Amino acid sequence: SVCPGVEPALRRDLGAGGGRGYRIGGCVLHPAVPMTCPDPPVLQFDDITLDLKGRRLLRSGELQLLDARSFAVLCLLARSQGQVVSPGEILDDVWGHHDVPPGALSQIVALLRHALGDDAKQPRYLHALPGYGYRFDRPETRHTGACGDP
């Protein structure tokens, strides 16, 4: 990271401008692309509340315990709503592609499905696309807050 709170942004975060830039909180900064905020700090759908800023996942009002990497994978997929994210992109974004134990991503996906109350055989949210990656589909979202709001 270049500065505290500033993370490198992936190409898909930068839209049509592509290239590399920096993410500050939920917003993306790139010289050729205006600052954008892809999602509000809290996403609510069905009985799920995903608090991106508070780093919490609640299902039916109950806190679902997730380690930091599992939560990072969930945030990456939820922010990429409807888009396929390759295992390589996930490993780069969450692990920096270093020291990834074999099967770690599969274990995290299973943990996330359990936390979301999702089923691998008939998924509602977290879909595996063999040979491509993972896609997160969330139904109509109720937003709380806006980009930059506390």
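Tell me about the confidence of the model for the protein chain, and please be specific about residues and values.
Model confidence for the protein chain is summarised by a mean pLDDT of 76, while 65% of its residues fall at 70 or above. Taking the mean pLDDT of every element in the protein chain, the minimum, 41, falls on strand β4 (residues 33–36) and the maximum, 96, on strand β9 (residues 84–85). Every residue in residues 146–150 scores below 50 in pLDDT, and together they form 6 contacts with partners more than four places removed in sequence or on other chains.

Please provide a residue-by-residue account of the nonpolar core, values included.
Judged by nonpolar contacts, the single largest core of 30 residues is most densely connected at Val-73, Ile-90 and Phe-136. Breaking this core down by element, the ones donating at least two residues are β5 (42–45), β6 (48–51), α1 (68–79), α2 (87–95), α3 (104–116) and β11 (133–136).

Tell me about the pattern of salt bridges, and please be specific about residues and values.
Taken as a whole and judged by the stated rule, the model has 2 salt bridges. In this structure, the salt-bridge partner of Arg-56 is Asp-51, at a minimum N-O distance of 2.9 Å. With relative accessibility at 42%, the residue Arg-56 sits in the partly exposed group. Taking the relative accessible area as the measure of exposure, Asp-51 reaches 10% and is therefore buried. For Arg-135, the salt bridge identified is with Asp-137, shortest N-O distance 2.9 Å. The class of Asp-137 is partly exposed, set by a relative accessible area of 22%.

Quick rundown of the environment of Ile-48? Include the residues and the values.
In this structure, Ile-48 sits in strand β6. Separated by 11 residues in sequence, Ile-48 and Arg-59 have C-alpha atoms that sit 4.6 Å apart. Beyond its immediate chain neighbours, meaning those up to four positions away, Ile-48 contacts Leu-43, Leu-57, Leu-58, Arg-59, Leu-116 and Tyr-125.

Now, about the environment of Leu-76: what can you tell me, with residues and values included?
Take Leu-76: it is sitting in helix α1. Residue Leu-76 is classed as buried on the basis of its relative accessible area of 7%. Residues Leu-76 and Ile-90, spaced 14 residues apart in sequence, show a C-alpha to C-alpha distance of 7.6 Å.

Tell me about the pairing of strand β10 (residues 126–129), and name the residues and values.
Of the pairings in the sheet, the one linking β10 to β11 comprises 4 bridges and is antiparallel in character. When the bridges of β11 are listed, Ala-128 appears paired with Tyr-134. Once β10 ends, the chain turns through 3 residues before running back antiparallel as β11, passing Gly-131 with a positive phi of about 85 degrees.

Pulling in residues and values, what's your account of α2?
Every buried residue of α2 is accounted for by Ile-90, Leu-91, Val-94 and Trp-95. Buried residues of α2 fall within an arc of 95 degrees about the axis and therefore sit on the same side. On its buried face, α2 sits against α1, β9, α3 and β11. Just downstream of α2, Gly-96 is the residue with a positive phi angle, here 70 degrees.

Definitions and limits used
Residues numbered from 1 in each chain as written. Predicted model: local features only at pLDDT ≥ 70, side-chain atom pairs only at ≥ 80, totals over all residues. Heavy atoms only, no water. pLDDT = per-residue confidence, 0-100. Helix = DSSP H or I, 4+ residues; strand = E, 2+ residues; numbered from the N terminus. Contact = heavy atoms within 4.5 Å. Core = buried A, V, L, I, M, F, W, Y, C linked by side-chain atoms within 4.5 Å. Buried < 20%, exposed > 50% of the residue type's maximum accessible area, 1.4 Å probe, protein only. Salt bridge = Lys/Arg side-chain N within 4 Å of Asp/Glu carboxyl O. Pairing = 2+ DSSP bridges. Arc of directions from axis to C-beta.

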